[in-house]
Amino acid sequence: VSVLYWRKGGMLRRAGWILQASAGAGSPLVPAKTLRSELDQREREAMRREDAEAKKLPRDVLPPKKYRPMSLRAREEVMRRESSGFEHITVDDDAFGQRLDEFVLGKYPHLSYKRMQGMVEKGLIYRYRHTGKRQIATMTDRLQRGEMVVLPPAVREEAATLSHLNEGRDGIVEPQIIDDPALARSGPDGRPARKRPPLSAKLREEAFKWVVYKNKHCIVLNKPSGVPINGGPGIGINVADMLPAWKFSNPHAPLLVHRLDRDTSGILVLARNPDAQRMLGRMFVRRSTPYSVYWGVLVGKPASKFGRIRMHLEVNKQKGGTHIVARTTPTRDSRAAIAEYVVNASASDFACHVSFYPLTSQTSQLRIMAAHALGCPILGDAKFGGDEAFPPSMSSFFDPDEKGIQLHLHHRKIQLPYKNSTGEFEVVNAPVPPALATTMKKLGWSVEVDDVMLPG
């Protein structure tokens, strides 16, 4: 994975990704509401300064104009006049927060999953945001209320053909078995489960230790670092194959609500039925208030004690791997990545403990922000931080030439949309993993510190 920089007027723009909010080293932390209003005000001031500076530049070095798409209402008028055969479906409240692949299969249950995946990768199935901006879709996209999903005529044609072929002698349609582990089900939505390898008693016992919270709607796990979500060639233990271990009294295996990187530890939410999965999935759509907290140990120290990071990421899948381009302004294919951060503690200028509060759910967004917006990669992040993530200044904790240190990024806390006996929303904390706790204790930092923006 590589991250490219965007040039403006021949200069490398890194500071444009983050709003600098200055605060003294000894200044006390302010309430979350005051902090967020100050960040909003400073962001507006920074945008006005950028516009004023752009007007002074010669015309040949002006940045490209921002892409202003057609409004969704105007686009709907154009689509009514077209006779292309494409189907345009507006996302309502019931489909809000649902994954794209599950949304399409819900409309056309007889469609082949692999065929649908090919259409998405070729750009035949795409989305229009509520602003009218066309967005290249992926299978795991969470749909937002008011946007539009566009399906080509081949979806209806193939679904109709498969429906006819799958009709049994009694006229009953047989559902198709999906081989993709991301969509493996145990029956709550009517599809038969993918055959999974049997779980040993030792693995089931280990799975029970991961559970940190459970109610009738969801299960919250504390996933260890190094365990991937889905399986594949050469991959052993993974969360998808362990889902039957968390059935408990439910007749069906739970469903994945979101994902974590393989090297990231911490909270992973599972839904115990499709309705809960759809509702919980809305928490991970773009939002104005953070519902979760990530802890990280960064190499170096940001210039500001708190701030808001805004980037625009383009994810392109190529033969050599995934290619990520980070920009300061939106493009047709980019997706906004926004997060707030607060520095909780620091050890001089060579390390700091940071709480991240994501407002979007883009792939590896916090790791990219730390390495290329803050200029302080997460300790142990060889993928995005390179050699800078293994500094010689911390050789007393580990061998910087070994490159075997665990990624110091942990999904620490989440607020669930369920209330407890006192009438407050449930806040679940995941215990800090041993590697991160050891580093924090050696640096003199407490592992029980509370978060200013999401206390509990």
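Overview of the structure. Note that the structure is predicted; figures quoted are calculated from it, not measured.

Calculation notes
- Residues numbered from 1 in each chain as written.
- Predicted model: local features only at pLDDT ≥ 70, side-chain atom pairs only at ≥ 80, totals over all residues.
- Heavy atoms only, no water.
- Pairing = 2+ DSSP bridges.
- Helix = DSSP H or I, 4+ residues; strand = E, 2+ residues; numbered from the N terminus.
- Axes fitted to C-alpha atoms, helices over the stretch in contact; angles between N-to-C directions.
- Contact = heavy atoms within 4.5 Å.
- Phe/Tyr/Trp six-rings, centres within 6.5 Å; stacked < 30°, edge-to-face > 60°.
- Buried < 20%, exposed > 50% of the residue type's maximum accessible area, 1.4 Å probe, protein only.
- Salt bridge = Lys/Arg side-chain N within 4 Å of Asp/Glu carboxyl O.

### A short note on the sheet that holds strand 8 (residues 148-151)
Sheet architecture is open: four strands sit in the order 5-8-6-7, paired in antiparallel fashion. Since the sheet does not close on itself, it has two edges, and those belong to strand 5 (87-90) and strand 7 (134-136), each with one partner. For this sheet the average axis-to-axis angle between neighbouring strands, irrespective of direction, equals 30 degrees. As defined by bridge partners, strand 5 adjoins strand 8 across four bridges and the pair is classed as antiparallel. Each residue of the ladder has a partner; that of I89, found in strand 8, is V149.

### Some details on the side chain of S364
Turning to its location among the elements, S364 is positioned in the loop between strand 17 (351-358) and helix 9 (365-372). Ignoring sequence-local partners within four residues, the contact set of S364 consists of D261 and F384.

### A closer look at the packing of aromatic side chains
Taken as a whole and assessed by the stated rule, the structure comprises three aromatic pairs. Relative to Y128, the ring of Y126 has its centre 5.6 Å away and its plane inclined at 85 degrees; by these criteria the two rings are edge-to-face. Taken as a pair, Y126 and Y128 share a single burial class, namely buried. Ring centres of W210 and W246 lie 5.9 Å apart, and the angle between their planes is 35 degrees; on these two criteria the pair is classed as tilted.

### Looking at the pairing of strand 18 (residues 409-419)
A regular strand places its side chains on the two faces of the sheet in alternate fashion. For strand 18, the buried fraction is high: nine of the eleven residues fall into the buried class. Bridging between strand 12 (residues 265-271) and strand 18 involves two bridges; their strand directions are parallel. The residue bridging G266 from the neighbouring strand is H411, located in strand 18. Note that strand 13 (residues 292-299) and strand 18 share five bridges and pair antiparallel. Bridge pairing in strand 18 places S292 opposite I414. Sheet topology note: the strand 18/strand 19 (residues 425-429) ladder contains four bridges and is antiparallel. Directly across from K413, in strand 19, lies its bridge partner N429. Linking two consecutive strands that pair antiparallel, namely strand 18 and strand 19, is a turn of five residues; a positive phi of about 90 degrees is found at G423 within it.

### Remarks on unusual backbone geometry
Even without a glycine there, the phi angle at S348 is positive, about 55 degrees. Backbone geometry places S364, a non-glycine residue, at a positive phi of 55 degrees.

### Observations concerning the pairing of strand 13
Across the eight residues that make up strand 13, a large majority, eight, are buried. Judged by which residues are buried, strand 13 turns out to be covered on both faces: S292, Y294, G296 and L298 on one side and V293, W295, V297 and V299 on the other are all buried. Taken together, the six bridges between strand 13 and strand 17 define a ladder with antiparallel strand orientation. Residue W295 lies in a different strand from strand 17, and its bridge partner there is S355.

### A few points about the pattern of salt bridges
In the structure shown here, the tally under the stated rule is eleven salt bridges. We note a salt bridge from R335 to D141, for which the minimum N-O separation is 2.9 Å. Highlighted residues: R335 in strand 16 (residues 335-347) and D141 in the loop between strand 7 and strand 8, separated in sequence by 194 residues. Take R335 and D141: they sit in the same class, and that class is buried. Salt bridges sharing common partners tie together R127, D141, E147 and R335.

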